[in-house]
Amino acid sequence: MKKIIKYLLISIIYFSLSYSVNANDKIYKLEILYEGLDMPWDIDFLPNGDFLVSELTGKLKIYNSSLEKFITVSNVPSVLARSQGGLSDVELHPDFELNNLIYISYSIKTEEGNTLRVSRAKLHQNTLIDVETIHTAKAFRKTSAHYGARLLFLNDKTLLISSGDGFNHREKAQELDNHFGKILRINDDGSIPSDNPIFSEDRALKDIFTYGHRNQQGLAKDINGVIYSHEHGPKGGDELNIINPGLNYGWPAITYGIDYNGSIISPFKKKEGMEQPIKYWTPSIALSDMTFYYGDLFPEWYGNLFISALASGDVRRLAIKDNIVLSEEIMFKEINSRIRSIKSSKSGDLIILTESREKKNSGKIIRVSPKNL
Amino acid sequence: MHSIKLFFSLLLAFIFSSILISVFILFQNTIWNIFWLKTQGFDISFFVLVDSFLHDLRGGLSPILMQWGIPINMYSIISIALFFGYFLTFIIRFIVPVNSMFSFGFAGLVSVYGIIFYTKITFDEIVLISSVRELMGLLIFCLIGFIGGIFFNQLKEFFLKVFTYEKNN
C-alpha cells in the first residue's frame, strides 16, 4: 500500500511539473502593435520597415513603425465595400525600391455586375499616383462573395491573381471562358505572358493559369519557387494545393465538403485529370492567408508554412517535405479572434492581422517575436 | 367540435405537405447536382443517385447558421415558411372567399419562393439551394411549392371528411 501511495505521489508531482513546463514552453511572445483597424485584409512591408495595410472598407494605410501610428494613403480607387468585397490584397512590386509600384486588388460594381479588379500605382509620399487598372476579372456576379483577390508575384516577376467562384457560379470554375474559380497569371503591366498554359478549348482565356478553384485567399511560394494556394471549402473541405500551370483542381466536380444546406455538391472526391489537395480540413477552419517562414528569429520554424484561419481563430504551422504535409501544429489560439492575415516580416517576426465582424475598428496588428528577445 | 376536427385536419395536412415539399425540394437539388456531374463526364450509376439523395435527406437535418447566429435546418426553414404562407391564406380566406385549391397552391408557391428571397437578402444574394440558381430550377422549385400547397388543401379536405365519417359512424 505504501508503495502504491509513493508511486501515486511521484506520478502526481511528475505530471504537475511537466504541465508547468509545457505551459511556459512557448518560444514566442505576442505583442499588439496597433488596435483599431476596420476589417484589415492584408499587410505588406515597405523597405524602411513600415507596413502597408489594406482595409476591406476601402482604406489603404501606412503604419509608421517609429511613430507607431497610421497614415491613410490618398487617391486609392473607390471600391465596392460590401459583404466579402472591398479593398483586399496589397502587394509590392519585386522592384519596388526602383519603381515604387504597388498592386492592389479590390471589388468593383460595374453595369455587368460586381467583379474583381487589380490596379497598380506608384506610392509617392503617402499618395497613389499614376493609378492604372491592369486587370478586371470576367467574373461578373450579383453577389459580393467569393472574390478570391489574393496577389502573388512569382520569381519571374509575373503576377498571380486568385479569382473566386462568386458563390452562385461554382460550375463556371470548370469552364475556361470566364474568370470564376481561376488563378490567373499576368505580366506586371497587365499583359498576358507568352508562356502561359495553352488549353485545348478555343474559348479559353489566355490569362488562366489554373482552374477548378472555389475561393482562394492564400497564395504563397516557397524558397524554391513552388507555388501553394489554399481555398475555402463549403461546409468542410478547405484545401491546400500545390499549384502547377494548366491544371484543374476539381471544384465543384470533386470536393471534400458538402453544401451549406447539408446536401452533397458532388459524391466524388477524386477524378483523373483533377488535382488532389496536399491537405484538407473538415470541418472548415476558414483559411484566410498564408506565409512561408524563412526568418532567423525562430530557427525551429524555418521553412514551415503558416496558415491563418478565420473560423478556428488560430494559425496552423505546417511542416512540408516533398509535397507531403508532415505535421500540423495549432498556434496562437490565445489571440482568440478571427485571424485575417499572416505575413513573415523581413526582420524575422511574424505579423498577424485580426478582424472582428461584430465590433467596428477592432482589428489588430500583432507581432510574434522570440520570447527572450 | 368542428374546430378541433379542423385543427387536426390542418395540422396533419401541414405535416404531410411539409414533408412532401421538403423531399421534393431536396430531390430536385440532388438531381440538379448529379445532372451537372453527368455533363462533366462522371459515371453516375443508379446507386450513386440513390445514395446522394439519401445523403441529402439526412443533410437536410444539419444546421444552417442564420444571421442571428441561430442554427436551423432545411426542414425547419421550409416548414416555417409554409406555416406562415398557409396561416396567412387561411386568414385571408375568411375575409375573401377565393378558390381554396388555388389559394393554398399559391401560398405554397409564395412560401418556397420566400425562402430564396429571404436567404438572398440575408446572405447578400447568395442562394443556399443550388438548384434554384438558374431560371429553370427556380420555376421547378416554385412548382413544387404550388403542388405542395394544392396537396395541403386536398389533405385538409380529406382529413376533415375522415373525421366527420368517424363521427357519423
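Residues numbered from 1 in each chain as written. Chains lettered and ligands numbered in written order. Predicted model: local features only at pLDDT ≥ 70, side-chain atom pairs only at ≥ 80, totals over all residues.

(A) Quick peek at the overall build of chain B. Counting secondary structure elements, chain B contains five helices and two strands. Ordering the α and β elements of chain B from the N terminus gives α-α-β-β-α-α-α. By its C-alpha atoms, chain B is 60 × 35 × 30 Å across when sized along the principal axes. Here chain B holds 169 residues, and the buried ones make up 33% of them. (Helix = DSSP H or I, 4+ residues; strand = E, 2+ residues; numbered from the N terminus. Buried ≥ 20, exposed ≤ 12 C-beta atoms within 10 Å, placed from the backbone.)

(B) Layout of the interface of chain B and chain A. Between chain B and chain A, the residue contacts involve 27 residues of the former and 22 residues of the latter. Listing elements by their share of the side of chain B that touches chain A, those giving two or more residues are helix H1 (2-39) and helix H2 (46-59) of chain B. In the side of chain B that touches chain A, the residues fall into 12 nonpolar, 10 polar and five charged. (Contact = placed C-beta atoms within 7 Å. Nonpolar A, V, L, I, M, F, W, Y, C, P; charged D, E, K, R; others polar.)

(C) Representation of the pairing of strand E8 (residues 114-124) of chain A. Residue and element names in this part refer to chain A. Of all 11 residues making up E8, nine are buried, and the element is well covered by its neighbours. With nine bridges joining them, strand E7 (residues 101-109) and E8 adopt antiparallel strand pairing. Following the sheet pairing, Ser105 is matched in E8 by Val118. Between E7 and E8, which pair antiparallel one after the other, the connecting turn spans four residues, and Gly113 there sits at a positive phi close to 140°. (Pairing = 2+ DSSP bridges.)

(D) Structural view of the nonpolar core. The biggest cluster of nonpolar side chains holds 75 residues, and the ones touching the most others in it are A:Leu87, A:Leu160, A:Leu305, A:Phe306 and A:Ile352. Leave out the neighbours within four places in its chain, and A:Phe306 touches A:Met290, A:Thr291, A:Tyr293, A:Val315, A:Arg317, A:Ile342 and A:Leu350. The next biggest cluster of nonpolar side chains, apart from the first, holds 31 residues, and it includes B:Ala13, B:Met74, B:Ile78 and B:Ile129. (Core = buried A, V, L, I, M, F, W, Y, C linked by C-beta atoms within 7 Å.)

(E) Main features of the environment of A:His230. Residues and elements named next belong to chain A. Tracing the backbone shows His230 in strand E15 (residues 227-232). With 32 C-beta atoms counted inside 10 Å, the residue His230 sits in the buried group. With 57 residues separating them in the primary sequence, His230 and Leu287 have C-alpha atoms 7.0 Å apart. If we skip the residues at most four places from it in the chain, His230 touches Gln216, Gly218, Asp238, Glu239, Leu240, Leu287, Met290 and Ile307.

(F) Just the sheet that holds strand E16 (residues 238-243) of chain A, in detail. Residues and elements named next belong to chain A. An order of E14-E15-E16-E17 is seen for the four strands of this open sheet, with the pairing classed as antiparallel. The open sheet has two edge strands with one neighbour each: strand E14 (215-221) and strand E17 (279-281). Taking the axes of each pair of neighbouring strands and ignoring which way they run, one obtains an average angle of 20° across the sheet. (Axes fitted to C-alpha atoms, helices over the stretch in contact; angles between N-to-C directions.)

(G) Quick peek at unusual backbone geometry. Residue and element names in this part refer to chain A. Residues Trp251 and Pro252 are joined by a peptide bond in cis, for which omega reads -5°. Mapped onto the elements of the fold, Pro252 is located in the loop between E16 and E17. Unlike most non-glycine residues, Met39 shows phi in positive territory, near 50°. Inspection of the secondary structure assignment puts Met39 in the loop between strand E1 (28-37) and strand E2 (40-45). A positive phi angle, close to 65°, is found at Ala286, a residue other than glycine. Along the chain, Ala286 turns up in the loop between E17 and strand E18 (287-292).

(H) Broad picture of the confidence of the model for chain B. Residues and elements named next belong to chain B. Of all residues in chain B, 95% attain a pLDDT of 70 or more, and the chain-wide mean is 91. For chain B, strand E1 (residues 64-65) is the element with the lowest average pLDDT, namely 76, and H2 is the one with the highest, namely 96. Our summary of model confidence lists the complex with pTM equal to 0.91 and ipTM equal to 0.89. (pLDDT = per-residue confidence, 0-100.)

(I) Geometry of the packing of H1(B) against helix H3 (residues 74-95) of chain B. All names here are of chain B. Between H1 and H3, whose axes approach to 10 Å, the crossing angle comes to 130°. The pairing of H1 with H3 is recorded here as oblique in orientation. Handedness of the H1/H3 crossing: right-handed. Together, Phe14, Ser17, Ser18, Ile21, Ser22 and Ile25 of H1 and Met74, Tyr75, Ile78, Ser79, Leu82, Phe83 and Tyr86 of H3 make up the contact between the two elements. Its residues placed into classes, the contact of H1 with H3 shows nine nonpolar, four polar and no charged. (Parallel < 35°, antiparallel > 145°, perpendicular 65-115°, else oblique. Left-handed = near helix turned anticlockwise from the far one by under 90°.)

(J) Region of the structure containing the environment of A:Ser337. Residues and elements named next belong to chain A. For Ser337, the location among the structural elements is in the loop between strand E21 (324-331) and strand E22 (338-344). Sequence separation of Ser337 and Tyr293 is 44 residues, and the distance between their C-alpha atoms is 22 Å. Beyond its immediate sequence surroundings of up to four residues, Ser337 is in contact with Gly313, Thr354 and Ser356.

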